[in-house]
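As a plain string of letters, each chain reads:
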Protein chains: 2
Amino acid sequence: MKPIKNRLTELLGVDYPIVQAPMGWIARAQLASAVSNAGGMGIIETSSGELDNIKVEIKKMRALTDKPFGVNIALAFVRDPSIIQFVIDQGVQFVSTSAGNPAKVVGPLKEAGLTVFHVVPSFQAAMKAIAAGVDGLIVEGNEGGGFKNPRGVASMVLLPMIAKKVNIPVIAAGGIIDGCSMAAAFALGAEGVQMGTRMVSSAESPVHQNWKDAIIGASDQDTMVLNQFSSPALRVLRTNRTNALEREAKVDFRAEFANVQDLYFGGDMEAAAALTGQVAGRIEEVKPVAQIIEETITEFYETINRLGMHS
Amino acid sequence: MKPIKNRLTELLGVDYPIVQAPMGWIARAQLASAVSNAGGMGIIETSSGELDNIKVEIKKMRALTDKPFGVNIALAFVRDPSIIQFVIDQGVQFVSTSAGNPAKVVGPLKEAGLTVFHVVPSFQAAMKAIAAGVDGLIVEGNEGGGFKNPRGVASMVLLPMIAKKVNIPVIAAGGIIDGCSMAAAFALGAEGVQMGTRMVSSAESPVHQNWKDAIIGASDQDTMVLNQFSSPALRVLRTNRTNALEREAKVDFRAEFANVQDLYFGGDMEAAAALTGQVAGRIEEVKPVAQIIEETITEFYETINRLGMHS
């Protein structure tokens, strides 16, 4: 399968510009190494806040893959800044920052030679991140799962709005599961894509089968945004628990996550809110990561060829 | 400029598969004829409910263009079914139906030789419309302005979800203002696009300059969804008036529209809710319709060629 050559794949040193999203507790060595080994960019999370465990996971990656991988620094959730130096010391070359202002960490990371992308949910946030000196942007459409800006914007609008105005590479997040959505993101100016829910529901994902089954069973209308009049908003799977919270002016999201591991790994779908994107409606099957990436790239090329018939 | 050849342009008899959205009060002969004359598909609205005026507008079209145009039948707002026969008698060849179940009107329209597309906001609605026998679908992503399903889905997810499962042509609505967004819609399986907010803010749009200026001044985060826990939900421009209604469990949308003409044509932006899509954040200039269409098609071909460099 022909590698994709662009600024992003050169910068990241990967064959395919497919980045795995940094889902808390889930984006650990088992999943991230599968993505890296398949030619994409596996990412280790920090949003769980479990920095000791995460350090072990980062070290494990060396044994599981000789391909590049990255670490997400979820600024609002990382209480111990020593993780930055740890990431540098471990020779990690790619960091995505999110959930906060990247200005403080961009300097040390770039001085150490790392590539730093920041996750942005709006045009204004993109401009701020560029002023902070990031190497690229992860532009997060509101269709994606997880923590969201309460005034979110869809990928179809946000991606070209940002990509047309910046000179650094853009990775599209939100709504991407396959080659046609990847080609759409590229049409809108992205040079790479990030997949969250698609990776949560992969064979190598460590989450309980009940959550994978819920994703496969979900319709297009089975996610919802909690806390949309407060912050952070959250795109979650529609369950009895989240339905009951839908109209709450302010959801205590920390309380909602107190038992998240009972859901993620215990399979109790009512124990917490399951962070899930609208693409749950499109996912019909659990697949190994390598198959997801291969099918995505194959369909990406097919889509480009189909569009080329108009030229 | 090379015409686009596909099932949709053949079916509609247009050079470019760009359909103007049927905005109430706005989508009348002045705007619709500009779109048709520029090679797209102009549409006359019925959602204003002003059927006598609309009949005059449909007749006017014959004087203003010799190109194809269509009429939208907004099922929930059309109280007098004689409009159907009027449309047939006037020789209109394309009807889009929306805001209701198309089953009752598809039969008579198709028997009279018209092409009928139905507007759908979900996968389930798409399946119902196909069962009713429509010729095509207008798939409406939640980023678009106006009446919305309270459980809306973004174009990036909804379009491929539907387009991959159906054999009839799909028109993408929601998030489209230019050639890169049109190419993205095509990557996702659409064969045409519909533009609403871009046409509201065109030179030929009859709305007050204040609304056009508000669209040009809007950021990506300056629209919002009202009535999202009830139905119909509405994507509107964020104003003092709409901000105050944001958390209302049930907005009396008929009351909100009582003075809509004071906003649309009088320029009082607080008189009613201004139905506006997220693309307001991307629109920077009032342009003539012919220029919008020409630039869209030019950029569509450029985008396809840019993507082709990966093949």
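Residues numbered from 1 in each chain as written. Chains lettered and ligands numbered in written order. Predicted model: local features only at pLDDT ≥ 70, side-chain atom pairs only at ≥ 80, totals over all residues. Heavy atoms only, no water.

A. Seen up close, the domain arrangement of chain A. Residues and elements named next belong to chain A. Annotation of chain A at the domain level lists domain 1 (7-205 + 285-305) and domain 2 (209-280). The centre of domain 1, based on its C-alpha atoms, is set 22 Å off from the matching centre of domain 2. Listed by partner, the interface residues are 26 residues for domain 1 and 26 residues for domain 2. Across the interface of domain 1 and domain 2, roughly 1900 Å² is buried in total on both sides, 68% from carbon and sulfur atoms. Contact with domain 2 buries surface across domain 1, with Trp 25, Phe 147 and Pro 150 losing the most and accounting together for 29% of the total. Remark: the boundary between domain 1 and domain 2 carries zero salt bridges. Applying the counting criterion to the domain 1 and domain 2 interface returns nine residue pairs in polar contact (both at pLDDT 80 or more). (Domains from an automatic or database assignment. Contact = heavy atoms within 4.5 Å. Buried area = accessible area lost by both parts, 1.4 Å probe. Salt bridge = Lys/Arg side-chain N within 4 Å of Asp/Glu carboxyl O. Polar contact = N/O pair within 3.5 Å; in protein donor to acceptor, adjacent residues only side chain to side chain.)

B. How the structure looks around the confidence of the model for chain A. Model confidence for chain A is summarised by a mean pLDDT of 96, while 100% of its residues fall at 70 or above. Across the assembled chains, the prediction reports ipTM 0.97 with pTM 0.98. (pLDDT = per-residue confidence, 0-100.)

C. The arrangement of helix H7 (residues 155-163) of chain B in detail. Of all the nine residues making up H7 of chain B, nine are buried; the element is thus mostly covered by neighbouring parts of the structure. Residues of H7 of chain B that are buried: Ser 155, Met 156, Val 157, Leu 158, Leu 159, Pro 160, Met 161, Ile 162 and Ala 163 of chain B. (Buried < 20%, exposed > 50% of the residue type's maximum accessible area, 1.4 Å probe, protein only. Helix = DSSP H or I, 4+ residues; strand = E, 2+ residues; numbered from the N terminus.)

D. How the structure looks around the pattern of salt bridges. According to the stated counting rule, one finds 26 salt bridges over all chains in the structure shown. The salt bridge partner of Asp 178 of chain B is Lys 164 of chain A, with a shortest N-O separation of 2.9 Å. With one member in each of two chains, Asp 178 of chain B in the loop between strand S8 (170-173) and helix H8 (179-187) and Lys 164 of chain A in the loop between helix H7 (155-163) and strand S8 (170-173) form a pair that bridges those chains. Since its relative accessible area comes to 44%, Lys 164 of chain A is described here as partly exposed. Linking Arg 7 of chain B and Glu 191 of chain B is a salt bridge whose minimum nitrogen-to-oxygen distance equals 2.6 Å. Pair noted here: Arg 7 of chain B is in helix H1 (residues 7-12) and Glu 191 of chain B is in the loop between H8 and strand S9 (192-195), with a separation of 184 residues, a long-range link. Given a relative accessible area of 41%, Arg 7 of chain B falls into the partly exposed group. Counted as one network, the salt bridges with shared partners bring together Lys 164 of chain A together with Asp 178, Arg 282 and Glu 299 of chain B.

E. The arrangement of the side chain of Asn 72 of chain B in detail. All names here are of chain B. Along the chain, Asn 72 falls in strand S3 (residues 69-74). A polar side-chain atom of Asn 72 sits 2.9 Å from a polar atom in the side chain of Ser 96. Side chain to side chain, Asn 72 and Ser 98 meet in a polar contact 3.2 Å long.

F. Structural context of helix H3 (residues 51-64) of chain B. Residues and elements named next belong to chain B. Taking 1.5 Å as the rise per residue, H3 with 14 residues should run 20 Å; its terminal C-alpha atoms sit 20 Å apart, in good agreement. Along H3, the positions that sit buried rather than exposed are Leu 51, Ile 54, Glu 57, Ile 58 and Met 61. The arc that holds every buried residue of H3, seen down its axis, measures 105°, which confines them to one face. Opposite the packed face of H3, turned more than 90 degrees from it, sit the exposed residues Asp 52, Lys 59 and Ala 63. Lining the buried residues of H3 we find helix H2 (29-37), strand S2 (42-44), S3 and helix H4 (82-89). (Expected span 1.5 Å × (residues − 1). Arc of directions from axis to C-beta.)

G. Highlighting the relation of the copies chain B and chain A. Expressed as a screw transformation, the operator carrying chain B onto chain A has a rotation angle of 180° and an axial translation of 0.0 Å, and the superposed copies differ by an RMSD of 0.0 Å. Expressed as an axis order, the relation between the two copies is that of a two-fold axis. Considering only C-alpha atoms, the part of chain B nearest the rotation axis is Ala 184 of chain B, at 2.0 Å. When you check the interface residues of chain B against chain A, 100% turn up at the interface there too, and the contact is symmetric in its surfaces. (Least-squares fit on C-alpha atoms with pLDDT ≥ 70 in both.)

H. The arrangement of unusual backbone geometry in detail. In this chain, Ser 231 of chain A is followed by Pro 232 of chain A through a cis amide linkage whose omega measures -5°. Within the secondary structure layout, Pro 232 of chain A lies in the loop between strand S10 (223-226) and strand S11 (233-237). The phi dihedral of Ala 99 of chain A falls on the positive side, at around 55°, and the residue is not glycine. For Ala 99 of chain A, the location among the structural elements is in the loop between strand S4 (94-98) and helix H5 (103-111). The exposure class of Ala 99 of chain A is partly exposed, given its relative accessible area of 40%. In this structure, Asn 227 of chain B takes a positive phi of about 65° despite not being glycine.

I. Seen up close, the sheet that holds strand S5 (residues 115-120) of chain B. Residue and element names in this part refer to chain B. Here we have eight strands laid out as an open sheet, ordered S1-S9-S8-S6-S5-S4-S3-S2, and parallel in their pairing. Strands with a single pairing partner mark the edges of an open sheet, and in this sheet they are strand S1 (18-20) and S2. Here the strands of the sheet are splayed against their neighbours by 25° on average, with no regard to which way each runs. The sheet contact formed by S2 and S3 spans three bridges and is parallel. Paired with Ile 43 across the bridge in S3 is Gly 70. (Pairing = 2+ DSSP bridges. Axes fitted to C-alpha atoms, helices over the stretch in contact; angles between N-to-C directions.)

J. Quick peek at the packing of H3 of chain B against H4 of chain B. All names here are of chain B. H4 packs onto H3 with a crossing angle of 10° between their chain directions and a minimal axis gap of 11 Å. Taken together, the axes of H3 and H4 are roughly parallel relative to one another. Note on element contacts: H4 touches H3 through Ser 82, Ile 83, Phe 86 and Val 87, opposite Leu 51, Ile 54, Lys 55, Ile 58 and Lys 59. (Parallel < 35°, antiparallel > 145°, perpendicular 65-115°, else oblique.)

K. Expanded view of the interface of chain B and chain A. Between chain B and chain A, the residue contacts involve 59 residues of the former and 60 residues of the latter. With both sides pooled, the region where chain B packs onto chain A buries about 4700 Å², and carbon together with sulfur makes up 59% of that total. By the criterion of area lost to chain A, the three top residues of chain B are Met 156, Phe 229 and His 310 of chain B, representing 17% of everything that side buries. The tally of links between chain B and chain A comes to six salt bridges. The tally of links between chain B and chain A comes to 25 residue pairs in polar contact (both at pLDDT 80 or more).

L. Broad picture of the state of the cysteines. Tallied over the full model, the rule gives zero disulfides over all chains. Here Cys 180 of chain A is not disulfide-linked; the sulfur of Cys 180 of chain B is the nearest cysteine sulfur, at 17 Å. (Disulfide = S-S within 2.5 Å.)

M. Geometry of the sheet that holds strand S10 (residues 223-226) of chain B. All names here are of chain B. Here we have three strands laid out as an open sheet, ordered S7-S11-S10, and antiparallel in their pairing. If you trace the sheet from one side to the other, it starts and ends with strand S7 (146-148) and S10, each paired once. Across the sheet, the mean angle separating the axes of adjacent strands is 30° when strand polarity is ignored. Pairing of S7 with strand S11 (residues 233-237), which is carried by three bridges, proceeds in the antiparallel orientation.

N. Structural detail: the pairing of strand S6 (residues 136-140) of chain B. All names here are of chain B. When you tally the buried positions in S6, you get five out of five residues, the bulk of the element. Burial of the side chains of S6 extends over both faces: Gly 136, Ile 138 and Glu 140 are buried on one face and Leu 137 and Val 139 on the other. For S5 and S6, the ladder comprises four bridges, and the chain directions are parallel. Residue pairing for S6: Phe 117 is matched across the bridge by Gly 136.

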